[in-house]
Amino acid sequence: MSARTWNVLLLAIMLLLVCLTLLQNCQLDGLENRVIANTDRLDELLQSRRAGDEPPSSAGKGQTTAVEGNLLEPCYAYPLPANTSYGGTLRVSGREPLTLNPYLSKSAKVHEIYTYISSRLAARDSSDPERWCSALATDVQQKDGGRNYIITLRPGVTWQEPMVDWNDPSFDWLKVPHQLVADDFIFALDIITNQQTGGQAAALRTDLDDMLGYEALDPYTISVSFRESRPSHFSALMELKPMPRWLYMHDRDGSPFPRETWGESFSKHWYNHRAIGVGPFRLESWESGETMRLGRNLAYWGPRPAFDTVVIRFGKDPEVQVRRFETGELDVVTVRGTQLKAMESGKSASGEASSHVKRTSHRELSLFYVAWNLRLPLFSDSRVRRAMAMAMNRQRILDVTSGGLGGIPSEALPMQHPCYDSTVQPIPFDKSGAASLLERAGWRDADGDGIREKIVDGATIPLEFSLLFFDSGEWRSAMKIYQHDLLSIGVQMTPRSLPWSALSQRMEDRDFQAFTGYMAYDWAQDMTVLWHSREADRPGSLNRSGLKDPQVDLLTDRLRTLVDPSARNETCGQLHRLINQLQPQTAILQAERAVLYRDTLNPLVFSPTMSYRNPLLWSFKPTQSR
């Protein structure tokens, strides 16, 4: 090749390199501009969500704020006040949980903690419970007449680092970072449908009992199909929390669990006393009997939470927690109505009864009740159960246990629940009416010993029973009141206190004559779980009384498929009146919790759809030092 040809070739190569360099610089400038624009857009969006506004419109930018047919809205469910001061430590009180696995525990405390640690597919708007805001899901489409849901996940969400000792080489298998993907929800559904798992998973199994199948269509898309269309399916799916298969399907050393028995291994998993999620906070430490410390998750996908740290001080004694608040160790404390009355009367050393302490209250989506075992001859007759309700002085019990703070429902459902019928009145306190009902049911004091009896299957049995209850001073007083009133109409009731763990086990095993329980309800509560006859004998179900009534079955099945609000209201009213008549459970009271908080905080907000507090709605004022 001649020298001239070489020169021409070299010149052409140089020109090509110059062109490629210019092109690359242009591309990098364009990419940088797009990154800056997207960052500005993200900041704008997060600021609007913090203030509780709708996301800014992106019309004219080649984007849309909503997908046609999307069942979710582009809102943030927990907006904070415009004057929020970000940072600092929130110090609250609480009971210590036994486990932190949200698919095993039914404890409201565990689900409150998971409000910090993890996220759901979607969340109800705190100010409008019928409105669903996108969270880990950005789009949900309903197909096949409502029998199929296609769920699109938010990309770029990262799992928190597992809480293990990284100096231990046996945990090296966990060092790989993980993105949230569809399989994390497929695994949650696997947990629910596995017959070896109990607790909360078993309860959710009933909510999703007609699920035909589910699959990951791709890493960020899930398909779930059902036999029939029910409104409750949507809420049950949206409230799912992701669970990492890469963690919970393995032993401590990383070895996978056998496929045949992994449900049993999950129920006693080595990580159940720790927590992992994709939420605004991560578990930093848990000192048994003392505190739990949660730190802000810097990789959180959503708006920044108001606090950098949340410290939960454990304690079973409410008096101790109030003293901690008075000495400045807590920012917020829940107090009993009886404690509040003592403070107001000067019997409590409330050292900060001043303008620096604020008071509020919130009525929980929960209630206390007595469940009767309908499988026993004592309580198989609804007239006897109604008599037990009529002999209960609920107002006096409310005064004794809650200082009069709360209300008396007319049925075993919270008063603000959308299926509660306010036209139905509570059964009145009427001992003479109760005695007449027992007479008509054949229970009479024939031998004059003061206790009624009846011949059942050829044998004379007295009207006497044990009532199990959770041990506390207030409820011991309440049981004495009830015991005295029942004895005055010829019924021998023996109160028997148990620790909560023992009481829960007796409830689950149906080993009781009657018990006093506490239940937190879902806003979209599936009534078949509570009352349907097919739940009566199913282990772990909430129909612990064993109610079997064809009309109740018909109404609860109908409610599962009704969408029209007027039709739902009418059916809810029919069910409410029927349960009020049958009395498988007798509602005692619905608690209203008094809350004291420091004036460094903005006024506390409580979600109407939760039976527990949600501090993601709380924040510090901007001018206060902490």
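None of these values were measured; they are calculated from a predicted model.

Draft legend 1. The arrangement of the overall build of the protein chain in detail. Assigned secondary structure in the protein chain consists of 17 helices and 20 strands. When burial is assessed residue by residue, the protein chain has 53% of its 626 residues classed as buried. Taking the intrachain contacts of the protein chain between residues at least 6 apart in sequence as the baseline, contacts between residues at least 24 apart amount to 70%. Put simply, the protein chain shows about 27900 Å² of open surface, and 52% of that area lies on carbon and sulfur atoms.

Draft legend 2. Structural context of the state of the cysteines. Tallied over the full model, the rule gives two disulfides. Put simply, Cys75 and Cys133 are joined by a disulfide, and their sulfur atoms are 2.0 Å apart. The disulfide joining Cys75 to Cys133 has a torsion of about -105 degrees about its S-S bond and is therefore left-handed. Here Cys75, found in the loop between helix 1 (3-50) and strand 1 (89-94), pairs with Cys133, found in strand 3 (residues 128-134); they are 58 residues apart in sequence, far enough to count as distant. There is no split in this pair, since Cys75 and Cys133 are both buried. In this model Cys419 forms its disulfide with Cys572; the gap between the sulfur atoms is 1.9 Å. Taking the torsion about the sulfur-sulfur bond, which here is approximately -105 degrees, the covalent link between Cys419 and Cys572 counts as left-handed.

Draft legend 3. Focus on a negative patch on the surface. A cluster of acidic residues, Asp445, Asp447, Asp449 and Glu464, forms a negative patch on the protein surface. Residue Asp447 is classed as exposed on the basis of its relative accessible area, which comes to 52%.

Draft legend 4. How the structure looks around the pattern of salt bridges. By the definition in use, this model includes 32 salt bridges. For Asp209, the salt bridge identified is with Arg560, shortest N-O distance 3.3 Å. Of this pair, Asp209 sits in the loop between helix 4 (200-207) and strand 6 (211-218) while Arg560 sits in helix 16 (residues 550-561), placing them 351 residues apart in sequence. We classify Arg560 as buried; its relative accessible area is 3%. By sharing partners, the salt bridges in this structure join Asp209, Asp210, Glu228, Arg230, Asp526 and Arg560 into a single network.

Draft legend 5. Looking closely at the pairing of strand 7 (residues 221-226). Across the six residues of strand 7, five count as buried, placing the element largely inside the fold. Direction of pairing for strand 6 relative to strand 7: antiparallel, over a ladder of six bridges. Paired with Asp218 across the bridge in strand 7 is Thr221. Counted along the chain from strand 6 to the antiparallel partner strand 7, the turn is two residues long.

Draft legend 6. Structural context of the packing of helix 10 (residues 382-390) against helix 17 (residues 565-582). Put simply, helix 10 and helix 17 touch, their axes get as near as 7 Å, and they point 90 degrees apart. Viewed along their axes, helix 10 and helix 17 adopt a mutual orientation that is roughly perpendicular. Here Ser382, Arg385 and Arg386 of helix 10 lie close against helix 17, whose contacting residues are Asn580, Gln581 and Leu582.

Draft legend 7. Summary view of the environment of Tyr482. Examined against the element boundaries, Tyr482 turns out to sit in helix 13 (residues 473-487). With relative accessibility at 1%, the residue Tyr482 sits in the buried group. Taking the C-alpha atoms as reference points, Tyr482 and Arg396, 86 residues apart in sequence, are found 9.6 Å from one another. The contacts of Tyr482, once residues within four sequence positions are left out, are Trp372, Met388, Ala391, Met392, Leu467 and Met493.

Draft legend 8. Geometry of the packing of helix 10 against helix 12 (residues 431-440). Look at helix 10 against helix 12: their axes get within 8 Å of each other, and the N-to-C directions meet at 165 degrees. With respect to helix 12, the axis of helix 10 lies roughly antiparallel. Helix 10 and helix 12 meet at a crossing whose hand is left-handed. Contacts between helix 10 and helix 12 involve Arg383, Val384, Arg386, Ala387, Met388 and Met390 on the former and, on the latter, Lys431, Gly433, Ala434, Leu437, Leu438 and Arg440. Tallied by class, the residues present in the contact of helix 10 with helix 12 amount to seven nonpolar, one polar and four charged.

Draft legend 9. Examining the packing of aromatic side chains more closely. This structure, assessed with the given rule, holds 23 aromatic pairs. Taking the centre distance of 6.4 Å and the plane angle of 90 degrees together, the rings of Phe187 and Phe266 count as edge-to-face. One end of the pair, Phe187, is in helix 3 (residues 183-193); the other, Phe266, is in helix 7 (residues 262-267), and 79 residues separate them in sequence. Per residue, the accessibility class of Phe187 equals that of Phe266, and both read buried. Measuring from centroid to centroid gives 5.1 Å for Phe368 and Trp475, while their planes differ by 35 degrees, and the two rings are tilted. Here Trp475 lies in helix 13 and Phe368 lies in strand 13 (residues 366-372), a separation of 107 residues in the sequence. With a relative accessible area of 15%, Phe368 lands in the buried category. Through successive ring pairs, a cluster of aromatic residues spans Phe171, Phe187, Tyr248, Trp262, Phe266, Trp270 and Tyr271.

Draft legend 10. Expanded view of unusual backbone geometry. The phi dihedral of Asp144 falls on the positive side, at around 55 degrees, and the residue is not glycine. Phi at Gln583 is positive, roughly 50 degrees, even though this residue is not glycine. By the element assignment, Gln583 lies in the loop between helix 17 and strand 20 (585-598).

What counts, and where the lines are drawn
Residues numbered from 1 in each chain as written. Predicted model: local features only at pLDDT ≥ 70, side-chain atom pairs only at ≥ 80, totals over all residues. Heavy atoms only, no water. Helix = DSSP H or I, 4+ residues; strand = E, 2+ residues; numbered from the N terminus. Buried < 20%, exposed > 50% of the residue type's maximum accessible area, 1.4 Å probe, protein only. Contact = heavy atoms within 4.5 Å. Areas by Shrake-Rupley, 256 points an atom, 1.4 Å probe, with all protein chains shown as cover. Disulfide = S-S within 2.5 Å. Patch = residues over 30% accessible without salt bridge, like charges linked within 9 Å, V, L, I, M, F, W, Y side chains within 5 Å. Salt bridge = Lys/Arg side-chain N within 4 Å of Asp/Glu carboxyl O. Lys, Arg positive; Asp, Glu negative; His and termini not counted. Charge placed at Lys NZ, Arg CZ, Asp CG, Glu CD. Pairing = 2+ DSSP bridges. Axes fitted to C-alpha atoms, helices over the stretch in contact; angles between N-to-C directions. Parallel < 35°, antiparallel > 145°, perpendicular 65-115°, else oblique. Left-handed = near helix turned anticlockwise from the far one by under 90°. Nonpolar A, V, L, I, M, F, W, Y, C, P; charged D, E, K, R; others polar. Phe/Tyr/Trp six-rings, centres within 6.5 Å; stacked < 30°, edge-to-face > 60°.

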